[in-house]
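Coordinate inspection notes
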Amino acid sequence: MSAQGVKKVVIAGGGTAGWCAAAALSRLLGPVLDITLIESADIGIIGVGEATIPTVRAFHHLLSVDEQAFMRETDATFKLGIGFENWAREGDQYFHSFGTIGKSPWMGHFYNIWLEGRSRGIGGSLDDYSLETKAAKAGKFQIHKNLPINYAYHFDAVMYGKYLRKLSESGGVKRHEGEIKSVQQQAETGFITSVTLASGEVISGDLFIDCTGFRGLLIEETLHTGYEDWTHWLRTDRAVAVQTQPAGPPLPYTKSIAHADGWRWRIPLQSRVGNGLIYASAHLSDEDAEARLMASLDAPAVNTPRLIKYRTGRRKQIWNKNCVAVGLASGFIEPLESTSIHLFQKSVLDLVQNFPFFGINDTLVAHYNRLAQQEIEYARDFVILHYKLTERSDSAFWRENAGMDVPDSLKERIELFQESGLAFQGPGELFRTDSWAQVMLGQRLEPKGWHRLGALMNEGELNQVFAGLKSTIDDTVAKMLPQDAFLKQYCPTAVV
Ligand SMILES: Cc1cc2nc3c(=O)[nH]c(=O)nc-3n(C[C@H](O)[C@H](O)[C@H](O)COP(=O)(O)OP(=O)(O)OC[C@H]3O[C@@H](n4cnc5c(N)ncnc54)[C@H](O)[C@@H]3O)c2cc1C
């Protein structure tokens, strides 16, 4: 491909993805690279990515992000998981927590012991064995060294971009304001050589990172890489989003509430709440979606509702020639499990680990693309699972979801759990066994059998195990602070 080494990196786009890429490359490889970012104030950013998963903390750790400063500057709150409502059946509720469930011996996961207990009428709810779920439901959160709690954040996406910009610029990233009007390529190889801004300025580079959002100005409009459409599995294609005043102290979790044609989110920040309705335009008009969202609000809106269109799928190669697509330019899975920010932070870290210092070659590109494909397909399957396992039949939307054919990889997982009670985390996979088990059970997938490690104990021993775990969690939660009290002392918002 190109024996030419890579030193000059040009990042096209300054949304969350662009600034994440700039921050990571400058903080981790700054001294050996020359990094430029181009963004256009006229085009603007999507700016609705507000809920994350715990891997964001690992990303921040690598970049030496100061958690308290970051949370203050982004109006952030803590997130312990997602509370699902009305998904399998109207009126149902379940929690997908970020923590581990119970205590698992090497032979199998705790949920098997719980299933054994349940079959004998003991053990109560699976939620009783998750510290994160119990704390979330009590509205509590605290960090201290003796508290093993797994968490992520809710934050203001626009403020997060500004925070990352500060990190990037202090790490030497040069920022250009202006719209890219044309892209120049080498005639022979098709490699991108430079971009020209509306001002006429030409910016050249060795490697181009396309963070221009859904359009994919470089990866698609220039290189015509192609897009694999997943709408037949994930049917929603629009969102309408609005912010409201807080109706009370912020909850330390995201709410995902299913409606007849999709679902809606509720994401609490310190000074406001993000709300959005996700829907399939084949079943619901934009006007009705907005009316449905506005009718569901529990506090006055503070801005005007905004419509966002999207197409679920993945770019066929996120690295093509000397262009790597990061963020929405690389593909999109709807925000049900808050996977987007994770996916692009992971792809940026993969790039740091596989950086083409001595030139771009086919093997490297194929390796990188394989990593990215596996990551997004795992996330895709996990999100499809929620839809496939619905028992709702109250609308065409839910009937289509329940009746769809899912990818073979997911079909096998569902069968494995149904037949043998086995959930698993694939090699390098994001979602852990406990995540799969919580969602499968929460969506009413009933296993015919399970690992009988619980049957190795008599009923008295089982009861003792359950009671011990429950009381440890209950005592811990009782001593924790309400989240808002902790936020006020740890990272009070800079929003006035
Ligand atoms: C409805 C919805 C809800 C979401 N919720 C979540 C969530 O809860 N959690 C999560 O992890 N993710 C979520 N996401 C995804 C998240 O919003 C995105 O992954 C994230 O915002 C990254 O966007 P981006 O930077 O790739 O693109 P954008 O924000 O679209 O930024 C594109 C950038 O490219 C620039 N640009 C474009 N064309 C040009 C040009 N010609 N010249 C110069 N600059 C140009 C723009 O100026 C802008 O700076 C959600 C997405 C949607 C649609």
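We now examine the overall build of the protein chain. Scanning the protein chain from N- to C-terminus turns up 14 helices and 21 strands. Relative to a compact globule of 496 residues, whose C-alpha radius of gyration would be 23 Å, the protein chain shows 23 Å and is just as compact. Its C-alpha atoms put the protein chain at 75 × 50 × 45 Å along the principal axes. Sequence-distant contacts in the protein chain: of pairs separated by 6 or more residues, those separated by 24 or more amount to 77%. Per element, the accessible surface of the protein chain, about 19800 Å² overall, is 51% carbon and sulfur. The positive charge centre, built from 50 side chains, and the negative charge centre, built from 57, are 3 Å apart in the protein chain.

This paragraph deals with the site of the ligand. In the neighbourhood of the ligand, 34 residues make up the surrounding shell, with Gly14, Ile46, Ala51, Ile180 and Ile341 lying closest. In this structure, Ile180 approaches the ligand through a main-chain N or O atom, which is 2.8 Å from a nitrogen atom. Contact between the ligand and Arg215: a nitrogen atom at 3.1 Å from a side-chain N or O atom of the residue. Against a free-state accessible area of 1000 Å², the protein chains account for coverage of 98% of the ligand. Counting only elements with at least two residues in the shell around the ligand, the list comes to α1 (16–29) and α8 (340–353). The leading source of residues in the shell around the ligand is α8, at three residues. The residue makeup of the shell around the ligand, split by class, is 17 nonpolar, 13 polar and four charged. When residues of the shell around the ligand are assigned to domains, at least three map to each of domain 1 (8–77 + 154–231 + 312–361) and domain 2 (238–309).

A sheet is described by the order of its strands in space; here three strands give the open sequence β8-β9-β10, paired in antiparallel fashion. Here the strands that pair on one side only, and so sit at the sheet edges, are β8 (180–185) and β10 (202–204). When strand polarity is set aside, the average angle formed by the axes of neighbouring strands in this sheet is 25°. Where strand β9 (residues 192–197) and β10 come together, three bridges link them in antiparallel fashion. Within β10, the position partnered with Val195 by the bridge is Ile203.

Across the five residues of strand β5 (residues 93–97), four count as buried, placing the element largely inside the fold. In this sheet, β5 lies alongside strand β4 (residues 81–85) in antiparallel orientation, the contact comprising five bridges. Across the sheet, residue Phe84 finds its bridge partner in β5, namely Tyr94.

Another aspect to go through is the environment of Thr472. For Thr472, the position within the fold is in helix α13 (residues 459–479). With 282 residues separating them along the chain, Thr472 and Gly190 place their C-alpha atoms 61 Å apart. Among the polar contacts made by the side chain of Thr472, one reaches the main-chain carbonyl oxygen of Gly468 at a distance of 2.8 Å.

On the secondary structure map, Asp128 appears in the loop between α4 (110–119) and α5 (131–137). Given a relative accessible area of 15%, Asp128 falls into the buried group. A distance of 3.5 Å separates polar atoms of two side chains, one belonging to Asp128 and the other to Lys134.

Now for the packing of aromatic side chains. Counted according to the given criterion, the structure contains 33 aromatic pairs. Considering the side-chain rings of Phe110 and Tyr129, the 5.0 Å spacing of their centres and the 50° angle between planes classify their relative orientation as tilted. Of the two residues, Phe110 sits in helix α4 while Tyr129 sits in the loop between α4 and α5, which places them 19 residues apart along the sequence. Just as Phe110 is buried, Tyr129 falls in that class too. Arranged with centres 5.8 Å apart and planes meeting at 25°, the rings of Tyr387 and Trp398 form a pair that is stacked. Separated by eleven residues along the polypeptide, Tyr387 in helix α9 (residues 362–388) and Trp398 in helix α10 (residues 396–403) bring together distant segments of the chain. Of the two residues, Tyr387 and Trp398, neither departs from the other in class, the shared state being buried. Site record: aromatic cluster; members linked through ring pairs are Phe70, Phe78, Phe141, Tyr151, Tyr153, Phe155, Tyr160, Tyr163, Phe486 and Tyr490. Its guanidinium or amino end placed over the ring of Trp436, Arg413 lies 3.8 Å from that ring's centre, counting from NZ or CZ.

For the rest of this paragraph, the subject is the domain arrangement of the protein chain. Partitioning the protein chain into domains gives domain 1 (8–77 + 154–231 + 312–361) and domain 2 (238–309). Domain 1 puts 17 residues into the contact, and the matching count from domain 2 is 20 residues. Of the roughly 1300 Å² buried at the junction of domain 1 and domain 2 (both faces included), carbon and sulfur atoms supply 57%. If you sort the residues of domain 1 by the area they bury against domain 2, Glu50, Asp75 and His154 come out on top, with a joint share of 39%.

Calculation criteria
What you see as residue numbers is a count from 1 along each chain, following the sequence as written. A pLDDT threshold of at least 70 governs which residues receive local features in this predicted model, and a stricter bar of 80 or more applies before side-chain atom pairs are shown or counted, although totals over entire chains, interfaces and linings include all residues. Calculation of side-chain values draws on the structure's entire complement of heavy atoms; hydrogens and water are dropped beforehand. Strands here are runs of E lasting at least two residues and helices are runs of H or I lasting at least four, both read from the DSSP assignment and numbered beginning at the N terminus. Atoms counted for the radius of gyration: C-alpha only. Globule rule: 2.2 Å times residue count to the power 0.38. Any pair of residues with heavy atoms lying within 4.5 Å of one another is described as a contacting pair. Method for areas: the Shrake-Rupley scheme with a 1.4 Å probe, in which residue coverage is limited to the protein chains shown. Residues scored as charged are limited to Lys and Arg (positive) and Asp and Glu (negative), so that His and the chain ends carry no count. Lysine's charge is taken at NZ, arginine's at CZ, aspartate's at CG and glutamate's at CD. When we say a residue is near a molecule or strand, we mean one of its heavy atoms is within 4 Å of it. Between N or O atoms, a polar contact is any pair within 3.5 Å; within protein, one atom must be a potential hydrogen donor and the other a potential acceptor, and residues adjacent in sequence are included only when both atoms are from side chains. Amino acids outside the nonpolar list (Ala, Val, Leu, Ile, Met, Phe, Trp, Tyr, Cys, Pro) and the charged list (Asp, Glu, Lys, Arg) are all regarded as polar, and Gly is one of them. The split of the chain into domains comes from an automatic or database domain assignment. A pair of strands is treated as paired once DSSP finds two or more bridges between them. Lines fitted to the C-alpha atoms define the axes, with helices restricted to the stretch that makes contact. Angles between their N-to-C directions range from 0 to 180 degrees. Whether a residue is buried, partly exposed or exposed follows from its accessible area with a 1.4 Å probe, protein chains only, as a fraction of its type maximum: under 20%, in between, or over 50%, in that order. For this analysis, a ring pair means two rings from Phe, Tyr or Trp (six-membered ring only for Trp) whose centres lie within 6.5 Å, classed as stacked if their planes differ by under 30 degrees, edge-to-face if by over 60, and tilted for the remaining angles. Two limits define a charge over a ring: the Lys NZ or Arg CZ must be within 6 Å of the ring centre, and within 35 degrees of the ring normal. When two components associate, each loses some accessible surface as probed by a 1.4 Å sphere; the sum of these losses over both components is called the buried area.

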